[in-house]
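Fold and geometry: a report
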Amino acid sequence: MSSDTLAKIPPSAPPAATAVPRIVPQRRAGQWVAAALVLVLLGLAVNSVLRNEAFRWDVVGQYFTSSSVLRGLGLTLWLTALVMALGFAIGTLLAVMRLSANPVLRAVSWGYVWLFRSMPILVQLLFWFNIGALYPKILGVKTVDLFGPVTVAIIGLTLHEAAYAAEVVRGGILSVERGQIEAAQALGLSRLRRWRRIVLPQAMRSIVPPAGNMLIGTLKGTSIVSIIAVQDLLYSAQLVYHRTYQVIPLLLVATIWYIVVTSLLSVGQYYIERHYARGTTR
C-alpha cells in the first residue's frame with residue numbers, strides 16, 4: 001500500500017472512555033448513633049461531677065497545693081524513683097543470672113522471681129514491718145531502730161518490683177535475634193561492647209513499654225505504704241480529712257495529683273519509646 005493511500009485513510013476514532021463507577025462510602029449509621037449516645041452520657045457525667053456540691057471543689061482547690069499534700073507528693077515521687085532504680089538494678093542482675101549457663105544461678109534467679117511474684121505486696125510490707133518478731137537484733141542493733149516505716153516501704157517495694165523487672169529485662173534480651181550477637185562476635189567485638197552497642201539498644205524496644213507500665217504501677221502502688229504509716233500522698237490526705245472530716249474532697253486531691261503525675265510519665269514514656277524505635281518500620 002502506497003503512502004498516498006495511507007494518507008487518505010481517516011484516523012480512527014478514539015475508544016470510548018470507560019465509565020468509572022462511583023464509589024459510595026458505606027453508611028455506618030449505627031456507629032454515629034453510638035458515638036452520639038456516648039458523648040451525651042459523657043457530657044451528663046461531667047456535668048454531674050462539676051455541678052454536684054457534694055464534691056466540694058472549693059475545698060479541693062484549698063488543699064490541692066497545701067504544704068502537707070505537697071510533702072506527701074514529694075515523698076511519693078522520691079519513693080517511686082528510688083524503688084524503680086533499685087528494682088531494675090536488682091532485676092537486671094536476676095535476668096543475667098537467669099540467662100546464665102550456670103544451673104545454680106538460674107535456679108536462684110527463678111526461685112526469687114517465683115517467690116516474690118507469688119506474695120501479695122501488702123503481705124510483704126506487713127512481713128518486713130514485723131521483722132523484729134523474728135530477728136530482734138541484727139549485728140547488735142535493734143531491728144526497730146533499723147527498719148522504720150520508710151525503710152520497710154523501700155525494702156518491700158524494691159524486692160517486689162525486682163521480681164517483675166527481672167522478667168521484663170529477660171524478655172527484652174531474648175527479643176534480640178541470636179544471629180546479630182553471633183555477627184558481632186564474628187567482627188571481634190568484646191562482650192561489653194556487644195551488650196552496649198548491639199543487645200541493649202534493641203532490647204530497649206521491648207523493655208521500655210512494660211517498664212513504663214511498671215513505673216506508673218509503682219507510683220500508684222506506693223499508696224499502699226500508708227498502711228504502715230508512711231506519709232505519702234494518700235496518707236497526707238488521710239491526715240487532713242481525719243481532722244476536717246472532708247473525706248471526698250481530700251480523696252479527690254490525691255486522685256488528681258496521681259492523674260497529673262501519671263499523665264506526665266506517659267508523655268515521657270512516649271518519647272523514650274520513639275527514641276528507641278528509630279530505624280524500625282513501625
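Residues numbered from 1 in each chain as written. Predicted model: local features only at pLDDT ≥ 70, side-chain atom pairs only at ≥ 80, totals over all residues. Heavy atoms only, no water.

Under an unreviewed UniProt entry, the chain has the name Amino acid ABC transporter permease and belongs to Streptomyces kunmingensis. The record held by UniProt for the chain lists under Subcellular location (unreviewed entry) the comment "Cell membrane". Per UniProt, the chain carries the Sequence similarities (unreviewed entry) text "Belongs to the binding-protein-dependent transport system permease family." (UniProt positions renumbered as here; feature names shortened; annotations may be inferred.)

1. Points about the nonpolar core
Counting residues in hydrophobic clusters, the biggest one holds 23 residues, and the most contacted among them are Leu79, Tyr112, Trp128, Ala153, Leu157, Val225 and Ile228. Those elements giving two or more residues to this core turn out to be helix H4 (67–98), helix H5 (103–118), helix H6 (121–129) and helix H8 (149–174). Among the elements that take part in this core, H8 stands out by supplying eight residues, more than any other. In this structure Leu157 touches Leu79, Val83, Ile121, Leu125, Thr222 and Val225, once residues within four positions along its chain are discounted. Val60, Leu250, Val253 and Tyr258 belong to the second largest nonpolar core, which has 18 residues in total. (Core = buried A, V, L, I, M, F, W, Y, C linked by side-chain atoms within 4.5 Å. Buried < 20%, exposed > 50% of the residue type's maximum accessible area, 1.4 Å probe, protein only. Helix = DSSP H or I, 4+ residues; strand = E, 2+ residues; numbered from the N terminus. Contact = heavy atoms within 4.5 Å.)

2. Here we look at the pattern of salt bridges
Under the defined criterion, the tally for this structure stands at three salt bridges. Here Asp58 and Arg56 are joined by a salt bridge, their closest N and O atoms 3.3 Å apart. Assessed through its relative accessible area of 52%, Asp58 is described here as exposed. The partner of Arg98 in a salt bridge is Glu167, with the nearest N and O atoms 3.2 Å apart. In this pair, Arg98 is assigned in helix H4 and Glu167 in helix H8, connecting sequence segments 69 residues apart. By relative accessible area, which is 21% here, Arg98 ends up partly exposed. (Salt bridge = Lys/Arg side-chain N within 4 Å of Asp/Glu carboxyl O.)

3. Here's the deal with the side chain of Thr218
Position of Thr218 relative to the elements: it lies in helix H10 (residues 191–221). Judged by its relative accessible area of 3%, Thr218 is buried.

4. Describing unusual backbone geometry
Of note in the backbone geometry, Ala229 takes a positive phi value of approximately 65 degrees without being a glycine. Note that Ala229 resides in the loop between H10 and helix H11 (233–244). Among the residues examined, Ala229 registers a relative accessible area of 40% and is labelled partly exposed. Of note, the phi angle at Tyr245 is positive, near 65 degrees, even though the residue is not glycine. Of note, Tyr245 is situated in the loop between H11 and helix H12 (247–276).

5. Thoughts on the UniProt feature "transmembrane region" (unreviewed entry) in the chain
Taken from the UniProt record, the annotation "transmembrane region" (unreviewed entry) applies to residues 32–50, 70–96, 108–129, 214–235 and 247–272. In residues 214–235, the share of helix is 50% and the share of strand is 0%. The end C-alpha atoms are 22 Å apart.

6. Concerning the packing of H4 against H12
In the contact formed by H4 and H12, the axes pass within 12 Å of each other and the chain directions differ by 40 degrees. In terms of orientation, H4 and H12 fall into the oblique class. The crossing of H4 and H12 is right-handed. Contacts between H4 and H12 pair Val69, Leu70, Leu73, Thr76 and Leu77 from the former with Val253, Trp257, Tyr258 and Val261 from the latter. The residue inventory of the contact of H4 with H12, partitioned by class, reads eight nonpolar, one polar and no charged. (Axes fitted to C-alpha atoms, helices over the stretch in contact; angles between N-to-C directions. Parallel < 35°, antiparallel > 145°, perpendicular 65-115°, else oblique. Left-handed = near helix turned anticlockwise from the far one by under 90°. Nonpolar A, V, L, I, M, F, W, Y, C, P; charged D, E, K, R; others polar.)

7. Digging into the packing of H8 against H10
The geometry of H8 relative to H10 is characterised by a closest axis approach of 8 Å and an angle of 145 degrees between their N-to-C directions. Two packed elements cross with a definite hand, and for H8 against H10 that hand is right-handed. Together, Glu161, Tyr164, Ala165, Val168, Val169, Gly172 and Ile173 of H8 and Trp195, Val199, Ala203, Ser206, Ile207, Pro210, Ala211, Met214 and Thr218 of H10 make up the contact between the two elements. For the contact of H8 with H10, the residue count by class is twelve nonpolar, three polar and one charged.

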